[in-house]
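Notes for the structure review
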Amino acid sequence: MDFELPAELAELRTRVRSFVRDRIVPFENDPRQTPHGPTDELRLEMVALSRAEGLLSPHAPLAYGGMGLDHRGIAVVFEAAGWSTLGALALNIQAPDEGNCHMLDVCATEAQKQRYLAPIATGEGRSVFSMTETTEDGAGADPSLLRATAQETADGYVINGRKYMISGVPGATYNIVMARTIDRTGKDLGASMFFVEMDNPGFRLERMLDTIDTNSPGGHAEVNYVDCKVAHDAVLGQVGAGFRQAQIRLGPARLTHCARWLGHAARCHAIAVEHAGKRHSFGKTLGEHQGVGFMLADSEMDLHLSRLTLWHAAWKLDQGDHARNETSMSKVFCSEALGRVVDRSLQILGSIGITRDTVIERIYRDIRPFRIYDGPSEVHRHALARRIVARGPIAD
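All of the points below concern the structure found in this document. (Residues numbered from 1 in each chain as written. Predicted model: local features only at pLDDT ≥ 70, side-chain atom pairs only at ≥ 80, totals over all residues. Heavy atoms only, no water.)

**Some thoughts on the overall build of the protein**
When its secondary structure is counted, the protein shows 11 helices and 12 strands. Projected onto its principal axes, the C-alpha coordinates of the protein cover approximately 80 × 55 × 45 Å. Out of the 396 residues in the protein, the part that is buried amounts to 54%. Summarising the internal contacts of the protein: among those between residues at least 6 apart in sequence, 73% fall at separations of at least 24. Within the protein, one finds 44 positive and 50 negative side-chain charges whose respective centroids are separated by 3 Å. (Helix = DSSP H or I, 4+ residues; strand = E, 2+ residues; numbered from the N terminus. Buried < 20%, exposed > 50% of the residue type's maximum accessible area, 1.4 Å probe, protein only. Contact = heavy atoms within 4.5 Å. Lys, Arg positive; Asp, Glu negative; His and termini not counted. Charge placed at Lys NZ, Arg CZ, Asp CG, Glu CD.)

So this is what it looks like as structure tokens:
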């Protein structure tokens, strides 16, 4: 692997860094940020700025107005955008749209791409991904517990089931729901994905969830599908291939989470370094005290190693490898290491760190769910352990 960035990618990273620091960071105190995320008015205003700079949708296919970057390029640019808590929104690379964009590009028909991929690639609309279910023994970290069903009829499918912790529902254009598919003979064909319009009378937003994080437009909700009717052409990809298609989405999405949060953590570390260099205590700057200096050194290492594991997993994906182990390892390591960086940064700032005088307090709240989203650390460790045991010792 060549660690030298191609000149074009290095130049793009510089442009994104400058744009985010100069144009997007000033929005961080904009009142159009609510307990359930930034408003769509704010999102669209920032998207327009990004579009004018030619920086919109670096992940999206060229055919739909994106930059068509590979996974390594995405890792580099997403980190640069992550300098601001609003950077991902401005560049139109926020979850779940970013992951849905990749999945649609791979799995959707041409007609579906025109109808559903184009609006999220251009940033004009938002989408939802409904897979996680309620706390009452539904599909969470274990997707085999999927309880929502899609019963086939002569005209299409009727979907029933409750979903939990679904991001971005208010203001979204459409959603993609995962459900067990039952054919007309009563046979369970396995999980499938279906497009459901937000105005479908069978789709209901039951309640908004008050969560620790506030970075997703539309927040998080519990939704219900009650005799929700869709046509046969609402199936995304193949009937019964839902779990396989989810992996197309989830593997790369783990890395894009890592990249965005790497940018956030680097911002916190930079604030801590500046503070430690100018704040005096007991006759020295904070950074000259071994206790604080060691924290800065540990954070520098966590940032560096997070970037290395992220770039390696992205490189594996670009070689056509599924990189199941590498994406799992990156997700676990980055979520925990970057959480440590943000925690140390808050500690170094002391009482200032727990106020909103800096962005660290916001990032501290937002980064904690990273250890849960897209598979908790424990589930990834469990999956890794099973594959390690099945593989056996590596020969010398």
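Now that the structure has been shown, the text picks up again.
**Brief notes about the packing of aromatic side chains**
Overall, the coordinates contain six aromatic pairs when judged by the stated rule. With centroids separated by 4.7 Å and ring planes inclined at 65°, the aromatic side chains of Tyr116 and Tyr174 adopt a geometry described as edge-to-face. Linking Tyr116 in helix α6 (residues 110-121) with Tyr174 in strand β6 (residues 174-182), this pair joins segments that are 58 residues apart in sequence. Overall, Tyr116 belongs to the buried group, its relative accessible area being 8%. On the basis of an interplanar angle of 55° and a centroid distance of 5.2 Å, the ring pair of Phe203 and Tyr225 is categorised as tilted. Taken together, the residues Phe203 in strand β8 (residues 203-209) and Tyr225 in strand β9 (residues 220-231) connect sequence positions 22 residues apart. (Phe/Tyr/Trp six-rings, centres within 6.5 Å; stacked < 30°, edge-to-face > 60°.)

**As for the pairing of strand β3 (residues 127-130)**
Along β3, one buried face is formed by Ser127 and Phe129 and the opposite face, lined by Val128 and Ser130, is buried too. Pairing between β3 and β6: four bridges, direction parallel. Within β6, the position partnered with Ser127 by the bridge is Tyr174. (Pairing = 2+ DSSP bridges.)

**Topic: the side chain of Asn224**
You can see Asn224 is positioned in strand β9. At 3.3 Å, the side chain of Asn224 forms a polar contact with the side chain of Glu206. Ignoring anything within four residues of it in the chain, the contact list for Asn224 reads Gly161, Arg162, Gly202, Phe203, Arg204 and Glu206. (Polar contact = N/O pair within 3.5 Å; in protein donor to acceptor, adjacent residues only side chain to side chain.)

**Details of α6**
Side chains that are three or four residues apart share a direction in an α-helix, a result of its 3.6 residues per turn. An ideal rise of 1.5 Å per residue puts 16 Å on 12 residues; α6 reaches only 14 Å between its terminal C-alpha atoms. Those residues of α6 not exposed but buried are Gln112, Lys113, Tyr116, Leu117, Ala118, Pro119, Ile120 and Ala121. Turning to α6, the residues buried within the fold contact α5 (97-107), β3, β6, β7 (188-197) and β10 (235-236). Once α6 finishes, Gly123 follows within two positions and takes phi at roughly 80°, a positive value. (Expected span 1.5 Å × (residues − 1).)

**Re the nonpolar core**
Val16, Ile24, Met46, Leu91, Leu310 and Leu338 are the most contacted members of the largest nonpolar core, which has 58 residues in total. Going through the elements one at a time, α1 (7-24), α2 (40-52), α3 (71-81), α4 (87-90), α7 (242-278), α8 (290-318), α9 (324-349) and α10 (360-367) are the ones with two or more residues in this core. It is α7 that provides the largest number of residues to this core, a total of 11 residues. Residues contacting Leu338, with those up to four places away along its chain left out, are Cys258, Trp261, Leu262, Ala265, Leu303, Ser306, Phe333, Ile367 and Phe370. With 25 residues, the next largest nonpolar core counts Met103, Ala108, Ala121 and Leu146 among its residues. (Core = buried A, V, L, I, M, F, W, Y, C linked by side-chain atoms within 4.5 Å.)

**Quick look at a nonpolar patch on the surface**
Together, Phe3, Met301, Leu305, Leu308 and Phe333 line one region of the surface with nonpolar side chains, adding up to about 440 Å² of accessible area. Residue contributions to the nonpolar patch peak at three residues, all from α8. (Patch = residues over 30% accessible without salt bridge, like charges linked within 9 Å, V, L, I, M, F, W, Y side chains within 5 Å. Areas by Shrake-Rupley, 256 points an atom, 1.4 Å probe, with all protein chains shown as cover. Salt bridge = Lys/Arg side-chain N within 4 Å of Asp/Glu carboxyl O.)

**Some points on the environment of Glu124**
For Glu124, the position within the fold is in the loop between α6 and β3. Owing to a relative accessible area of 59%, Glu124 belongs among the exposed residues under this scheme. Along the sequence, Glu124 and Glu45 sit 79 residues apart, while their C-alpha atoms lie 11 Å from each other.

**Here we look at the packing of α9 against α10**
Interhelical geometry of α9 versus α10 gives an angle of 150° and a closest axis separation of 10 Å. In terms of orientation, α9 and α10 fall into the roughly antiparallel class. Along this stretch, α9 crosses α10, giving a crossing that reads as left-handed. Contacts between α9 and α10 pair Leu338, Gly339, Val342, Asp343, Ser345, Leu346 and Leu349 from the former with Ile360, Ile363, Tyr364 and Ile367 from the latter. Of the residues in the contact of α9 with α10, the class split is eight nonpolar, two polar and one charged. (Axes fitted to C-alpha atoms, helices over the stretch in contact; angles between N-to-C directions. Parallel < 35°, antiparallel > 145°, perpendicular 65-115°, else oblique. Left-handed = near helix turned anticlockwise from the far one by under 90°. Nonpolar A, V, L, I, M, F, W, Y, C, P; charged D, E, K, R; others polar.)

**Thoughts on unusual backbone geometry**
In this structure, the amide linkage connecting Ala95 to the following residue, Pro96, adopts the cis form with an omega of 5°. Counting through the fold element by element, Pro96 comes out in the loop between α4 and α5. Although it is not a glycine, Ala323 adopts a positive phi angle of roughly 50°. Mapped onto the secondary structure, Ala323 falls in the loop between α8 and α9.

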